[in-house]
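# Chain and residue survey
The primary structure of each chain is shown beneath.
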Amino acid sequence: MLNLRIKLVFICFIITGWILLVSEYTSADLVAERVVKNNSFKTTTLSFGSLNSASFSPLSFLFTVSGFKPSGFDIKAVNILNQGKMSFKYRISSKITGGDQQLCGELRLKLFDQSFSEKYNRKLKDLNFDSQLDQNGSEFWVFYLQLPDNAGSNLQNKTCEFDLIFKSWRNYPNEEGGFSALRVLSNNISTASW
């Protein structure tokens, strides 16, 4: 009797399995839908330009100096213009890209804002300065690059190549993706004999 029941249950499982295999799909799918009204999605741009302070033309290079001597300096200016549709934060930093590492390490940089208030006065290689630019705003920066008085004779006839990097972001400086923009100004300095 028990054997007959097990056989019937087994046959029912086989028939049910066969029906499920040949039917391919069932109409017992579950569907849920939720409607949220009054949504809006808006896109915008984040862009900025580094412009020549006199002609407002785009810059690719800032400092190109040959014959630098101790106590020597050069002054350049950059106008940062918000060309996008929202405010953003940005960072000015430097990156040594070539030349003599000792010379690059000795160069000093002073950074002044448009009211000529000093905002940075340290070694060029350590530059890391944050600012914020409102929508349709602009900022004017003066860069003062100097070779110190006590520069040794071992820095004669050397070169230093570096980039000034302007990186903007919307929320967080190290975020990947999202709104961001990057501008790089190349620079080339060479020293003289003294």
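Residues numbered from 1 in each chain as written. Predicted model: local features only at pLDDT ≥ 70, side-chain atom pairs only at ≥ 80, totals over all residues. Heavy atoms only, no water.

## A few points about the pattern of salt bridges
One pass over the full model with this rule turns up three salt bridges. Note that Asp 113 and Lys 119 form a salt bridge whose closest N and O atoms lie 3.7 Å from each other. The exposure class assigned to Asp 113 is buried, which follows from its relative accessible area of 15%. On the basis of relative accessible area, Lys 119 is assigned to the partly exposed category, the value being 40%. A salt bridge links Lys 125 to Asp 126, with the shortest nitrogen-to-oxygen separation between them at 3.6 Å. Under the relative-accessibility criterion, Lys 125 is labelled partly exposed at 43%. (Salt bridge = Lys/Arg side-chain N within 4 Å of Asp/Glu carboxyl O. Buried < 20%, exposed > 50% of the residue type's maximum accessible area, 1.4 Å probe, protein only.)

## Things to note about the pairing of strand E8 (residues 138–146)
On a regular strand, each side chain points to the face opposite its neighbour's, so the side chains alternate between the two faces of the sheet. When you tally the buried positions in E8, you get seven out of nine residues, the bulk of the element. Where strand E3 (residues 73–82) meets E8, nine bridges bridge the pair, whose relative direction is antiparallel. Paired with Val 78 across the two strands is Trp 141, which belongs to E8. Both strand E5 (residues 108–112) and E8 contribute to a ladder of five bridges, which runs antiparallel. (Helix = DSSP H or I, 4+ residues; strand = E, 2+ residues; numbered from the N terminus. Pairing = 2+ DSSP bridges.)

## Things to note about the sheet that holds strand E7 (residues 128–133)
Read across the open sheet, the five strands follow the order E2-E10-E9-E4-E7; overall the sheet is mixed. Each edge of the sheet is formed by a strand with only one pairing partner; in this case those strands are strand E2 (61–68) and E7. Along the sheet, successive strands turn relative to each other by an average axial angle of 20°, direction set aside. The pairing of E2 with strand E10 (residues 180–191) spans four bridges and is classified as parallel. Counterpart to Phe 68 in the pairing with E10 is Thr 191. (Axes fitted to C-alpha atoms, helices over the stretch in contact; angles between N-to-C directions.)

Structural measurements only, silent on function.
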